[in-house]
Amino acid sequence: MTRSANPVLDSVLTRRSAPRLTEPAPGRADLERLVQAAATAPDHGRLRPWRLVAVSGDERARLGDALGEAAETPERSRRAAGKPLRAPLLLSIVHRPVPDHPKVPEWEQLAATTGMVTTLSLLLHSHGFASIWRTGAAIQAPQVHKYLGVDDDEQLLGWLYVGTRCASDAADRRPLDTPPRITWHTTGN
Ligand SMILES: Cc1cc2nc3c(=O)[nH]c(=O)nc-3n(C[C@H](O)[C@H](O)[C@H](O)COP(=O)(O)O)c2cc1C
């Protein structure tokens, strides 16, 4: 699909995950506004089964300490401790499903949470920022849960690293060959 005059389509087509991020990241007021918008993503039962723990500034080093403690070897610990410094802002994605909901099973709630995060990444992109969702074994580490305050009935889904794309990083995307993934059962064309 070629670029169009449709800003939503353009935003979707030009968003790329950004492995290297630098200042600036959105400030508190801008982030709150964007999350409020992202929270309109489809959500069966409007349960909003998520929360975010934003980590920025020197607190990133404290998160790094927790990641380092959770690592298995001194070398991995050293590398893990530096990971939060790869972006000015980290949004810890905490999924908090409503248990045994009569109408909305947990997989649907997980879909709502991931829909919100995807929408947020698009909104960030359309406002000149960039992001990448990162996971890893540390999302289950007790040390990391303790630092972030993740409860037993919650699930840490990783971090949306947020900032501004480094200018030298390419962000092109080749068109994806998705038509074969659509099967039509139709009487029309
Ligand atoms: C749930 C989820 C977890 C991800 N975890 C990682 C990760 O741990 N490390 C990483 O480099 N990228 C991670 N990504 C980003 C993907 O690698 C990235 O979206 C993919 O390479 C496609 O690139 P694009 O977003 O630019 O299209 C994750 C994405 C999602 C949706």
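The sections below set out a description of the structure shown in this document. (Residues numbered from 1 in each chain as written. Predicted model: local features only at pLDDT ≥ 70, side-chain atom pairs only at ≥ 80, totals over all residues. Heavy atoms only, no water.)

### Section: the packing of aromatic side chains
Reasoning step 1: Scanning all chains against the criterion turns up zero aromatic pairs.
Reasoning step 2: The ring of tyrosine 161 carries the charged tip of arginine 134 above its face, separated from the ring centre by 5.4 Å. (Phe/Tyr/Trp six-rings, centres within 6.5 Å; stacked < 30°, edge-to-face > 60°. Lys NZ or Arg CZ within 6 Å of the ring centre and 35° of its normal.)

### A closer look at the side chain of serine 92
Reasoning step 1: Positionally, serine 92 belongs in strand 3 (residues 89–95).
Reasoning step 2: Taking the relative accessible area as the measure of exposure, serine 92 reaches 0% and is therefore buried.
Reasoning step 3: Polar contacts involving the side chain of serine 92 include one to the side chain of tryptophan 159, which spans 3.1 Å.
Reasoning step 4: When neighbours within four sequence positions are excluded, serine 92 is seen to be in contact with Arg51, Leu52, Val53, Val55, Leu148, Leu156, Gly158 and Trp159. (Helix = DSSP H or I, 4+ residues; strand = E, 2+ residues; numbered from the N terminus. Buried < 20%, exposed > 50% of the residue type's maximum accessible area, 1.4 Å probe, protein only. Polar contact = N/O pair within 3.5 Å; in protein donor to acceptor, adjacent residues only side chain to side chain. Contact = heavy atoms within 4.5 Å.)

### Here's the deal with the pattern of salt bridges
When their charged atoms lie close together, side chains carrying opposite charge are able to pair.
Reasoning step 1: Applying the stated criterion across every chain yields a total of nine salt bridges.
Reasoning step 2: Here arginine 20 ties to aspartate 169 by a salt bridge, and the two come within 2.9 Å at their closest N and O atoms. Here aspartate 169 lies in the segment after strand 5 (155–165) and arginine 20 lies in the loop between helix 1 (7–14) and strand 1 (21–22), a separation of 149 residues in the sequence.
Reasoning step 3: Between aspartate 43 and arginine 48 there is a salt bridge whose closest N-O contact spans 3.1 Å.
Reasoning step 4: Owing to a relative accessible area of 33%, arginine 48 belongs among the partly exposed residues under this scheme. (Salt bridge = Lys/Arg side-chain N within 4 Å of Asp/Glu carboxyl O.)

### Section: the site of the ligand
Reasoning step 1: All residues adjacent to the ligand are Arg15, Arg16, Ser17, Ile132, Trp133, Arg134, Thr135 and Arg173.
Reasoning step 2: One of the backbone nitrogen or oxygen atoms of threonine 135 is found 2.9 Å away from an oxygen atom of the ligand.
Reasoning step 3: Take arginine 173: an N or O atom from its side chain is 3.0 Å from an oxygen atom of the ligand.
Reasoning step 4: Calculation on the ligand without its partners gives an accessible area of 620 Å², and the protein chains cover 52% of this total.
Reasoning step 5: Among the residues making up the shell around the ligand, the classes are represented as two nonpolar, two polar and four charged. (Near = heavy atom within 4 Å. Areas by Shrake-Rupley, 256 points an atom, 1.4 Å probe, with all protein chains shown as cover. Nonpolar A, V, L, I, M, F, W, Y, C, P; charged D, E, K, R; others polar.)

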